[in-house]
Amino acid sequence: MRVLLVEDDPAVAGGVKDGLSTNGYTVDHVSTGTAAMAAIVSEPAPDIVLLDLGLPDMDGQDVCRSIRSDSQIPIIVISARGDEVDKVVGLELGADDYLAKPFGIRELIARMRAVTRRSGSGAATNAPNPVSGQQQIGTLLIDRRAQRVYLADAEVTLTAKEFALLSFLAEDPGAVCRRTDILNQVWETDWYGPTKTVDAHVASIRKKLGEAKWIESVRGVGFRLGNPDEEDTAAAPVGPLAL
Ligand code: CA
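The structure reproduced in this document is the subject of the present report. (Residues numbered from 1 in each chain as written. Predicted model: local features only at pLDDT ≥ 70, side-chain atom pairs only at ≥ 80, totals over all residues. Heavy atoms only, no water.)

**So, unusual backbone geometry**
As a reminder, the rule being used: Under the scheme used here, helices are H or I runs from DSSP no shorter than 4 residues and strands are E runs no shorter than 2 residues, and both carry numbers assigned from the N terminus.
The omega torsion across Glu43 and Pro44 is -5 degrees, close enough to zero to call that bond cis. Along the polypeptide, Pro44 turns up in the loop between helix 2 (33–40) and strand 3 (48–52). Omega for the peptide link from Lys101 to Pro102 comes to -5 degrees, which places this bond in the cis form. For Pro102, the location among the structural elements is in the loop between strand 5 (97–100) and helix 5 (105–119). Even without being a glycine, Gln147 presents a positive backbone phi close to 55 degrees. Mapped onto the elements of the fold, Gln147 is located in the loop between strand 7 (140–143) and strand 8 (148–151).

Have a look at this one:
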């Protein structure tokens, strides 16, 4: 995910840039409003903007308003002032969230994930993002680097095997995975005995996701990851399918 950081304070900018880079983000840093306006329309385009309101050449509010006038890119306002007025102003300008300085890098990343998930941009695509390792399928977010799963922004706690199984099914959403392939890949075994273990794990994941349709059974074959949020996927015939 590419981040445009608009911040004139070198200490804050350096800290944010280091923290985000360490976590797999690509950061373009500018320190003026003018440079921000240029960067927003340059290629490759940023996926999210972190915007300081107090800039040397122009008011960050004007920058925010201008970006929002022709782009839906997620914007998080970061401000030193930290009062409620700033927060309200930031959100009224069309920013997606507000963070008062000082803030921790973990909190920043959590906010960034939340706004990009909401807007469906950046890492929130159907295929796993190669940098962030995040994969969005409807309301389901699989974060491979952090080994975490979220459903509509709420974290779902899976065991390591459940996570591995869900990730395996998510490698090709909609494609059928045979039980034997799942045993091979997730359990790393050639043992083709009873596959009840796979079924038990699928049942547990379904229970945790609260919606059986996320993992569809394909009778006599295996499973595939569906998307109950999409009518088409849910309505698709579930088999029989050729191997
Ligand atoms: Ca500033």
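That shown, we press on.
**A few points about the sheet that holds strand 4 (residues 75–79)**
What counts, and what does not: When DSSP finds two or more bridges between a pair of strands, those strands are recorded as paired. Axis geometry follows a simple rule: fit a line to the C-alpha atoms, using only the stretch in contact for helices, then measure angles between N-to-C directions, giving values from 0 to 180 degrees.
Strand order in the open sheet made by the 5 strands is 2-1-3-4-5, with parallel pairing throughout. Taken across any chain shown, the strands that pair with only one partner, and hence form the sheet edges, are strand 2 (26–30) and strand 5. If you compare each strand with its neighbour and ignore which way they point, the axes differ by 20 degrees on average. Bridge count for strand 3 against strand 4 is 4 bridges, and the pairing is parallel. Residue pairing for strand 4: Leu50 is matched across the bridge by Ile76.

**A short note on the packing of helix 2 against helix 3 (residues 60–70)**
Where we set the bar: An angle below 35 degrees is read as roughly parallel, one above 145 as roughly antiparallel, one from 65 to 115 as roughly perpendicular, and any other as oblique. What makes a crossing left-handed is the near helix being turned counterclockwise from the far one by less than a right angle; a clockwise turn instead makes it right-handed. Contact between two residues is taken to exist if any of their heavy atoms lie within 4.5 Å; hydrogens are not considered. Classification used: nonpolar for Ala, Val, Leu, Ile, Met, Phe, Trp, Tyr, Cys and Pro, charged for Asp, Glu, Lys and Arg, polar for all others including Gly.
One can describe the packing of helix 2 onto helix 3 by two numbers: an axis separation of 10 Å at closest approach and a directional angle of 15 degrees. Between helix 2 and helix 3, the angle is such that the two are roughly parallel. For the pair helix 2 and helix 3, the sense of crossing is right-handed. Judged by residue contacts, Gly33, Ala36, Met37 and Ile40 of helix 2 engage Val63, Ser66 and Ile67 from helix 3. Partitioning the contact of helix 2 with helix 3 into residue classes produces 5 nonpolar, 2 polar and no charged.

**Describing the pattern of salt bridges**
Two side chains of opposite charge can pair, provided their charged atoms sit close to one another. Short version of the rule: When a carboxyl oxygen of Asp or Glu lies within 4 Å of a side-chain nitrogen of Lys or Arg, that pair is called a salt bridge. Working definition: with a 1.4 Å probe on protein chains only, accessible area under 20% of the residue-type maximum means buried, over 50% means exposed, and in between means partly exposed.
This structure, assessed with the given rule, holds 13 salt bridges. Across the salt bridge formed by Lys101 and Glu7, the nearest N and O atoms sit 2.8 Å from each other. Of this pair, Lys101 sits in the loop between strand 5 and helix 5 while Glu7 is found in the loop between strand 1 (2–6) and helix 1 (10–22), placing the two residues 94 residues apart along the sequence. For the residue pair Lys101 and Glu7, the accessibility class agrees, reading buried in each case. For Asp97, the salt bridge identified is with Arg111, shortest N-O distance 3.1 Å. Highlighted residues: Asp97 in strand 5 and Arg111 in helix 5, separated in sequence by 14 residues. On the basis of relative accessibility, which here comes to 16%, the residue Asp97 falls in the buried class.

**With respect to the pairing of strand 11 (residues 215–218)**
As judged from the 4 bridges shared by strand 11 and strand 12 (residues 222–225), these two strands associate in the antiparallel manner. Pairing of Ser217 across the sheet is with Phe223, part of strand 12. The hairpin turn running from strand 11 into strand 12, its antiparallel successor, is 3 residues long, and Gly220 in that turn takes a positive phi close to 80 degrees.

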